[in-house]
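This is what each chain is made of:
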Amino acid sequence: MVQYLSHFNLIWLGILASLCAGLATGVGSIPIFFTKNVSKKILDMLLGIAAGVMLAATSFSLIVPAIEKGGGGVKGSTITLIGILCGGFFIDAIDKYFPDTNLLTNAVDEINEEQAIDSLAITISRRLRKTWLFVLAITIHNFPEGLAVGVGFGDGDIANGLSLAIGIGLQNFPEGLAVALPLVRDGFSRKKSFLIALASGLVEPIGGLLGVSLVQVSKPILPFAMAFAAGAMLFVIAHEIIPETQSQEGHSKQATHAMLVGFVIMMFLDNTLG
């Protein structure tokens, strides 16, 4: 398969692979057409698997190659270290400042003020705000995932790019369900919830295009770009996905076990594809 794909343009491969990974978010939301009562335990375990898959993809498909392509030793490790920190701080900055300028948040705040007497309306609007902010957070965080896929294809290592696309696609399944379920519970139609979940994943091809194009234009930035994508993904895993699985409802151990399963599955796939 890798040999067959090597005949195609790398930029198009990067875009298509990141698009497929993004579409997995929509596919993952399909269960809402059959039920909206997915237990928190199952969702935590699915997100645990997603965290494990992302950790393995980040480690074996981004960080290790970044060190090798950066020259190995002190030089490669230094480039990778700087790239990881830059990627993590970049996503942290987006997390800090984006919600403050969000129109949906401001609109809900206005509703809260106008209906301050009605405690039920306040509860509902706050829940809607939390749901929408979660959807937007997932959408924003899908960008570095697409970037990682694009960078993976950027240097011509199709096996590495495929491994990343598969890993990110796998972890997008529970992510799509996690986006769609709260929307259905808050009164959105199943069709609209599905489309919103699907749309949240479609920022990945944009990141894929940017990643593969940057590396094609300037090969020397490849190690830094890989490390930057790794840092962005590590921040998402540590700040969003893992805390979400460590609920107070007693599912943290099952979610941790699921994370280990996701990690070893992705480790196997990565080394088999490579």
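The structure displayed is predicted, hence computed values, not measured ones. One numbering rule holds for all chains: residues counted from 1, following each sequence as written. Given that the model is predicted, a residue must reach a pLDDT of at least 70 before its local features are reported, and side-chain atom pairs must reach 80 or more before they are shown or counted; all residues, however, enter totals for whole chains, interfaces and linings. To obtain the side-chain values, all non-hydrogen atoms of the structure were included, while hydrogens and water were left out.

Remarks on the overall build of the protein
Here is the rule we go by: We count a stretch as a helix when DSSP gives it H or I for four or more residues in a row; a strand needs E for two or more, and each element gets its number in order from the N terminus. Accessibility throughout is a Shrake-Rupley quantity obtained with a 1.4 Å probe, and a residue counts as covered only by protein chains that appear here.
In terms of regular secondary structure, the protein is built from 11 helices and 0 strands. Secondary structure elements of the protein, listed N to C terminal, follow the sequence α-α-α-α-α-α-α-α-α-α-α. A total accessible area of about 13100 Å² is found for the protein, and carbon and sulfur atoms account for 69% of it.

Describing the packing of helix H2 (residues 10-28) against helix H7 (residues 158-185)
Our working rule: Interaxial angle, 0 to 180 degrees, is taken between N-to-C directions of lines fitted to C-alpha atoms, where a helix line uses only the stretch in contact. The scheme is simple: roughly parallel for angles under 35 degrees, roughly antiparallel for over 145, roughly perpendicular for 65 to 115, oblique for anything else. Here a crossing is taken to be left-handed if its near helix is turned anticlockwise relative to the far helix by less than a right angle, and right-handed if that turn runs clockwise. Note on contacts: a residue pair is in contact if any heavy atoms of the two residues lie within 4.5 Å. Each residue is assigned to one of three groups, with Ala, Val, Leu, Ile, Met, Phe, Trp, Tyr, Cys and Pro labelled nonpolar, Asp, Glu, Lys and Arg labelled charged, and all others, Gly among them, labelled polar.
The geometry of H2 relative to H7 is characterised by a closest axis approach of 6 Å and an angle of 20 degrees between their N-to-C directions. If you check the angle between H2 and H7, you find them roughly parallel. Pair H2 / H7 crosses with right-handed handedness. Mapping the contact onto sequence places Leu10, Leu13, Ala17, Ala21, Gly22, Ala24, Thr25, Val27 and Gly28 in H2 and Ile158, Ala165, Ile168, Gly169, Asn172, Phe173, Gly176 and Leu177 in H7. For the contact of H2 with H7, the class distribution of residues is 11 nonpolar, 6 polar and no charged.

Points about the nonpolar core
Spelled out, the test is: In this description, a nonpolar core means a group of buried Ala, Val, Leu, Ile, Met, Phe, Trp, Tyr and Cys residues linked to one another through side-chain atoms lying within 4.5 Å. Each residue is placed in one exposure class: buried if its accessible area under a 1.4 Å probe, protein chains only, is under 20% of its type's maximum, exposed if it is over 50%, and partly exposed if it falls in between.
Formed by 53 residues in total, the largest nonpolar core has its most connected members in Ile32, Leu62, Val149, Val151 and Phe153. Only H2, helix H3 (40-69), helix H6 (119-154), H7, helix H8 (190-201), helix H9 (204-217) and helix H10 (222-245) provide two or more residues apiece to this core. In terms of residue count, H10 provides more of this core than any other element does, 13 residues in total. If we skip the residues at most four places from it in the chain, Val149 touches Gly14, Ala17, Ser18, Gly161, Leu164, Ala165 and Ile168.

Let's talk about the packing of aromatic side chains
Here is the rule: Centres within 6.5 Å make a pair out of two Phe, Tyr or Trp rings, where for Trp the six-membered ring is used; the pair is then stacked when the planes are under 30 degrees apart, edge-to-face when over 60, and tilted otherwise.
The final tally for this structure, using the stated rule, is 4 aromatic pairs. Between Phe224 and Phe228, the aromatic rings sit 6.2 Å apart at their centres with planes inclined by 40 degrees, giving tilted as the arrangement. Residue Phe224 and its partner Phe228 are located together in helix H10, separated by 4 residues, close to a single helical turn. Judged by its relative accessible area of 32%, Phe224 is partly exposed. Take Phe228: its relative accessible area is 19%, and that puts it in the buried class. Through pairs of rings, three or more aromatic residues link up here, namely Phe90, Phe224 and Phe228.

Side note on the UniProt feature "transmembrane region" (unreviewed entry) in the protein
Stated precisely, the cut-off is as follows: UniProt positions are given in the numbering used here, feature names are shortened, and annotations may be inferred rather than shown by experiment.
Residues given the UniProt feature "transmembrane region" (unreviewed entry) here are residues 12-34, 46-67, 73-94, 194-215 and 221-242. Taken as a whole, residues 12-34 contains 74% helix and 0% strand, while its terminal C-alpha atoms sit 35 Å from one another. As a span, residues 194-215 carries 91% helix and 0% strand, and end to end its C-alpha atoms are 34 Å apart.

A short note on the side chain of Thr58
Note that Thr58 resides in helix H3. Those residues within four positions of Thr58 in sequence are excluded, and the remaining contacts are Ile63, Ala230, Met233, Leu234 and Ile237.

Things to note about the confidence of the model for the protein
What counts here: How sure the predictor is of each residue is captured by pLDDT, a score from 0 to 100.
Per-residue confidence for the protein gives a mean pLDDT of 77, with 78% of residues at or over 70. Confidence drops under a pLDDT of 50 for residues 99-118, and excluding neighbours within four residues, the segment shows 23 contacts in the predicted structure.

Looking at H9
For clarity, the cut-off: To estimate how far a helix should reach, multiply one less than its number of residues by 1.5 Å. It is the directions from the helix axis to the C-beta atoms whose arc is reported.
Over its 14 residues, H9 runs 20 Å from end to end, which matches the ideal 20 Å to within 8%, given 1.5 Å per residue. Taken residue by residue, H9 has Glu204, Pro205, Gly207, Gly208, Gly211, Val212 and Val215 as its buried positions. The arc enclosing the buried residues of H9, seen along the axis, measures out at 155 degrees, which places them on a common side. In H9, those exposed residues whose orientation departs by more than 90 degrees from the buried face are Ile206 and Val217.

Topic: a nonpolar patch on the surface
To keep things clear, this is the line we draw: Only residues above 30% relative accessible area that lack a salt bridge enter a patch, with like-charged residues linked at up to 9 Å and the nonpolar side chains Val, Leu, Ile, Met, Phe, Trp and Tyr linked at up to 5 Å. The rule for a salt bridge is simple: a side-chain nitrogen of Lys or Arg has to be within 4 Å of a carboxyl oxygen of Asp or Glu.
Residues Val27, Ile30, Phe33, Phe34, Ile166, Leu170 and Phe173 make up a contiguous nonpolar surface patch of roughly 610 Å² in combined accessible area. With 3 residues, H7 is the largest single contributor of residues to the nonpolar patch. Counting through the fold element by element, Phe173 comes out in helix H7.

Here we look at the side chain of Thr80
One can find Thr80 in helix H4 (residues 73-97). With residues up to four places along the chain from it excluded, the contact list for Thr80 reads Ile63, Ala66, Ile67 and Ala227.

Topic: the environment of Ile242
By secondary structure assignment, the location of Ile242 is in helix H10. Residue classification places Ile242 among the partly exposed residues on the basis of a relative accessible area of 27%. In this structure, Ile242 is in contact with Ala51, Ile237 and Met259, ignoring residues within four places of it in sequence.

Some details on the packing of H3 against H10
Orientation of H3 relative to H10, taken along the N-to-C sense of each, is 160 degrees, at an axis distance of 9 Å. Classified by the angle their axes make, H3 and H10 are roughly antiparallel. Pair H3 / H10 crosses with left-handed handedness. Broken down by class, the residue content of the contact of H3 with H10 amounts to 19 nonpolar, 4 polar and 4 charged.

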